[in-house]
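One-letter residues, chain by chain:
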Amino acid sequence: MSLCFCSNSACTMYKSRLPFELCQRYVEEIVLVSDDEIKSAVSTLYRSGLVVEPSGSAAFAAIVNGKIPELEEKNVVCILSGGNIGKDELANFPN
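Per an unreviewed UniProt entry, the recorded name for the chain is L-serine deaminase, and the organism is Amphiprion ocellaris.

Right, dumping it as structure tokens:
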């Protein structure tokens, strides 16, 4: 699995102490999703009428691919964000 290939806004070259400290304090678990899972999520959302950039669909990708099993049979809210993707870029995603 490559890191941050299609969701380049999820990666940064700049490191900061505050985000790291906030993650240490508040993040309980990190779930990894592949580029293919993110691309599929973007396509699924687009077919549903939503334009969501790859990094903004990572949580959705994790949910629909069963990466967070403790969510089964629970009411779940998934925040989708970012429309920083053009139609030309969407052509690179599966139908």
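Participant: Requested: an account of the confidence of the model for the chain, with residues and values cited.
Facilitator: When pLDDT is averaged along the chain, the result is 84, and 83% of the positions lie at 70 or above. Per-element mean pLDDT across the chain ranges from 80 in helix α4 (residues 87–90) up to 95 in helix α3 (residues 58–64).

Participant: How would you sum up the environment of Ser81? Please name residues and give values.
Facilitator: Checked against the element boundaries, Ser81 lands in the loop between α3 and α4. A relative accessible area of 39% places Ser81 in the partly exposed class. In sequence terms Ser81 and Val52 are 29 residues apart; their C-alpha atoms lie 6.1 Å from each other. For Ser81, the contacting residues outside a window of four places in its chain are Val52, Glu53 and Gly56.

Participant: I'd like a rundown of the nonpolar core, residues and numbers included.
Facilitator: Residues Val33, Ile38, Ala41, Val42, Leu45, Val52, Phe60, Ala61, Ala62, Ile85, Leu90 and Phe93 constitute the largest nonpolar core, which totals 12 residues. Among the secondary structure elements, those contributing two or more residues to this core are α2 (35–47) and α3. With 4 residues, α2 is the single largest residue contributor to this core.

Reading the values: the criteria
Residues numbered from 1 in each chain as written. Predicted model: local features only at pLDDT ≥ 70, side-chain atom pairs only at ≥ 80, totals over all residues. Heavy atoms only, no water. pLDDT = per-residue confidence, 0-100. Helix = DSSP H or I, 4+ residues; strand = E, 2+ residues; numbered from the N terminus. Buried < 20%, exposed > 50% of the residue type's maximum accessible area, 1.4 Å probe, protein only. Contact = heavy atoms within 4.5 Å. Core = buried A, V, L, I, M, F, W, Y, C linked by side-chain atoms within 4.5 Å.

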